[in-house]
Amino acid sequence: MTDSNAEYMIEAKDLSKYFERLHALKGASLNVKKGEVVCLIGPSGSGKSTFLRCIHGLETPDQGEVYLDGVKMDPSNKVQYRELRNKMGFVFQHFNLFPNLTVLDNCKFAQINVLKRSDEEAQQVAMEYLAKVGLTEKKDAYPNNLSGGQKQRVAIARALCMNPEIMLFDEPTSALDPEMIKEVLEVMQELADQGMTMVVVTHEMGFARKVGTRVVFLENGRVVEDADSETFFTAPKSERAQEFLSKVIYD
């Protein structure tokens, strides 16, 4: 039985989050339809990453509700909550690979331990997604022997190995050297072209404009503007978004 509007893959309703005295989210809401690429942008400290982590369940909102495929994410219903979270892949800013495991074993670990796949099946899936991100030749390498861009591509492959319905990216290129950013964004664009539903916290305005179907602009823990990407970049409605874009877009 669904609890909300199943038209949306994700519904985040009026999320608030406190970290001691810091009010990081102040009633932020977001709806995401299947196949959309929604980019969360805004100044540092605006609540973008907290918003994403609350959607995934890495953080529990103090107020508000999150629905996935119309079903409420309720932490007290542990089995259902875990099943819903497993529908979402999460890619972190700093890779979060296991340094003591090879690239292949990083991609197999959660498949075997969470999805209970056999080693043979997990390896087959891992190799499929390592091929997708162009890293089959690095399957026996350890993370310390990879570039930053390669580590992030492994992190994307690892998330895809869990066959998520939705991919969440938390500033996936911000820890990378400039020449490595392009290779990660190309993988993300390919996922978008294949119809993957994505929510991306990013400072890459070119990606947000070219690949994003919608842009959600946050400021001070609130959603200030939510528009299709072309409208947002050519005719933002809010003064704050106009000011932000004037500082980050170069003619």
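Up top is the structure.
Remember, predicted model here, so these are calculated numbers, not experimental data.

*Asks:* Can you help me understand the overall build of the protein in this one?
*Replies:* A count of helices and strands for the protein gives nine helices and ten strands. Its C-alpha radius of gyration of 18 Å places the protein within 12% of the 18 Å reference for a compact globule of 251 residues. Its C-alpha atoms put the protein at 55 × 50 × 35 Å along the principal axes. In the protein, which comprises 251 residues, the share counted as buried stands at 51%. Once local pairs closer than 6 in sequence are excluded, the contacts in the protein between residues at least 24 apart make up 65%. Side chains of the protein give 30 positive and 37 negative charges; the mean places of these two sets differ by 3 Å.

*Asks:* Hey, could you run me through the pairing of strand S10 (residues 222-228) in this one?
*Replies:* Here is the key point about a regular strand: its side chains alternate between the two faces of the sheet. As judged from the six bridges shared by strand S9 (residues 214-219) and S10, these two strands associate in the antiparallel manner. Following the sheet pairing, Val216 is matched in S10 by Asp226. Counted between consecutive antiparallel strands, the loop separating S9 from S10 contains two residues, among which Asn220 sits at a positive phi close to 55 degrees.

*Asks:* It is not clear to me how the sheet that holds strand S2 (residues 22-32) should be interpreted in this structure. Could you clarify?
*Replies:* One key point about sheets: their strands pair by backbone hydrogen bonds, in either a parallel or an antiparallel sense. Read across the sheet, four strands follow the order S2-S1-S4-S5 without closing on themselves; strand pairing throughout is antiparallel. Each edge of the open sheet is held by one strand with a lone partner, namely S2 and strand S5 (71-72). Relative to S2, strand S1 (residues 10-19) runs antiparallel, the two being bridged by eight bridges. Directly across from Tyr18, in S2, lies its bridge partner His23.

*Asks:* How should I be thinking about the nonpolar core in this particular structure?
*Replies:* Note that soluble globular proteins tend to have their nonpolar side chains buried in a common cluster. In this structure, Ile41, Ile156, Met167, Phe169, Met188, Met198 and Phe232 are the most contacted members of the largest nonpolar core, which totals 50 residues. With eight residues, the single largest contributor to this core is helix H6 (residues 178-193). Apart from residues lying up to four places away in sequence, Met188 is in contact with Ile156, Phe169, Pro172, Met198, Val200 and Phe207. One finds Leu25, Val66, Tyr81 and Ile166 within the second-largest nonpolar core, a separate group that totals 28 residues.

*Asks:* When you look at the packing of helix H3 (residues 103-113) against helix H5 (residues 148-160) in this model, what are you seeing that I'm missing?
*Replies:* Pairs of packed helices are described in terms of their axes, by the angle between the two and the distance that separates them. For the pair H3 and H5, the least separation of the axes is 8 Å and the interaxial angle reads 30 degrees. When the interaxial angle is binned, H3 and H5 end up roughly parallel. Seen along the crossing, H3 lies across H5 with a hand that is right-handed. When H3 is examined against H5, the residues Val103, Asn106 and Cys107 are found in contact with a partner set consisting of Val154, Ala157 and Arg158. For the contact of H3 with H5, the class distribution of residues is four nonpolar, one polar and one charged.

*Asks:* What exactly am I supposed to notice about the layout of surface pockets here?
*Replies:* To find the voids left in a structure, one rolls a probe of water-molecule size over its atoms. Of the voids in this model, the largest pocket is the one considered here, and its volume is about 540 Å³. What lines the largest pocket is a set of 20 residues, among which His56, Met88, Phe90, Ala110 and Met162 lie closest to the centre. For the lining of the largest pocket, the secondary-structure elements that each account for two or more residues are helix H2 (78-85), strand S6 (88-91), H3 and H5. When its residues are assigned to classes, the lining of the largest pocket shows 13 nonpolar, four polar and three charged.

*Asks:* Just to check I follow, could you spell out the pairing of strand S8 (residues 197-201) for this structure?
*Replies:* Within S8, five of the five residues are buried, leaving the element largely enclosed by the surrounding structure. Of the strand pairs in this sheet, strand S3 (residues 37-41) and S8 are connected by four bridges, and their pairing is parallel. Within S8, the residue paired with Val38 across the bridge is Val199. Looking at chain direction, strand S7 (residues 166-170) and S8 are connected through five bridges and run parallel. What sits directly across from Leu168, in S8, is Val199.

*Asks:* Even after reading the chapter, I still don't get H6, so can you show me in this structure?
*Replies:* Two residues of an α-helix separated by three or four positions point the same way, owing to the 3.6 residues in each turn. Its 16 residues give H6 an end-to-end C-alpha distance of 23 Å, which sits within 8% of 22 Å, the value for a rise of 1.5 Å per residue. Here H6 has its buried residues at Met180, Ile181, Val184, Leu185, Val187, Met188, Leu191 and Ala192. Relative to the axis of H6, the buried residues are bounded by an arc of 155 degrees and lie together on one face. Turned more than 90 degrees away from the buried face of H6 sit Glu179, Lys182 and Asp193, all of them exposed. In this structure, the buried side of H6 is in contact with S3, helix H4 (119-132), H5, S7, S8 and helix H7 (205-210). Once H6 ends, the next one or two residues include Gly195, with phi positive near 95 degrees.

*Asks:* Quick question: what am I supposed to make of the state of the cysteines here?
*Replies:* Cysteine pairs can be covalently joined through their sulfur atoms, and such a bond is termed a disulfide. This model, assessed by the stated rule, comprises zero disulfides. With no disulfide of its own, Cys39 lies closest to Cys54 among cysteine sulfurs, the gap being 19 Å. Overall, Cys54 belongs to the buried group, its relative accessible area being 3%.

Definitions and limits used
Every chain begins its residue count from 1, and numbering advances along the sequence as written. It should be noted that, the model being predicted, local features are given only for residues of pLDDT at least 70 and side-chain atom pairs only at 80 or more, the latter also being counted only at that level, while totals for whole chains, interfaces and linings use all residues. To obtain the side-chain values, all non-hydrogen atoms of the structure were used and water was disregarded. The helix and strand labels rest on DSSP assignments: H or I over at least four residues marks a helix, E over at least two residues marks a strand, and numbering proceeds from the N terminus. The size measure is the radius of gyration over C-alpha atoms, and the globule rule it meets is 2.2 Å times the number of residues to the 0.38 power. Three exposure classes are used, based on accessible area relative to the maximum for each residue type with a 1.4 Å probe and protein chains only: buried under 20%, partly exposed in between, and exposed over 50%. Working rule for contacts: check all heavy atoms of both residues, and any pair within 4.5 Å makes them a contact. In this count, Lys and Arg are taken as positive residues and Asp and Glu as negative ones, while His and the chain termini are left out. Every charge is mapped to an atom, namely NZ of Lys, CZ of Arg, CG of Asp or CD of Glu. For two strands to be treated as a pair, DSSP must find no fewer than two bridges joining them. What makes a nonpolar core is a set of buried Ala, Val, Leu, Ile, Met, Phe, Trp, Tyr and Cys residues whose side-chain atoms join them at distances within 4.5 Å. The angle between two axes is taken between their N-to-C directions and runs from 0 to 180 degrees, where each axis is a line fitted to C-alpha atoms and a helix contributes only its stretch in contact. An angle below 35 degrees is read as roughly parallel, one above 145 as roughly antiparallel, one from 65 to 115 as roughly perpendicular, and any other as oblique. Note on convention: near helix rotated counterclockwise from far helix by under a right angle means a left-handed crossing. Clockwise means right-handed. Polarity classes work like this: nonpolar for Ala, Val, Leu, Ile, Met, Phe, Trp, Tyr, Cys and Pro, charged for Asp, Glu, Lys and Arg, and polar for all others, with Gly in that last group. Here a cavity means grid points, on a 1 Å grid over the protein atoms only, where a 1.4 Å probe fits yet cannot get out; a pocket means an open set of points with protein on both sides within 12 Å along at least five of seven lines; lining residues are those with an atom within 4 Å of a point. Grid points are joined across faces, edges and corners, and a volume is the space filled by probe spheres set on the points. Between the first and last residue of a helix there are one fewer steps than residues, each counted as 1.5 Å, and that sum is the expected span. An arc is given here, and it is the one of the directions from the helix axis to the C-beta atoms. Disulfides are defined as cysteine sulfur pairs within 2.5 Å.

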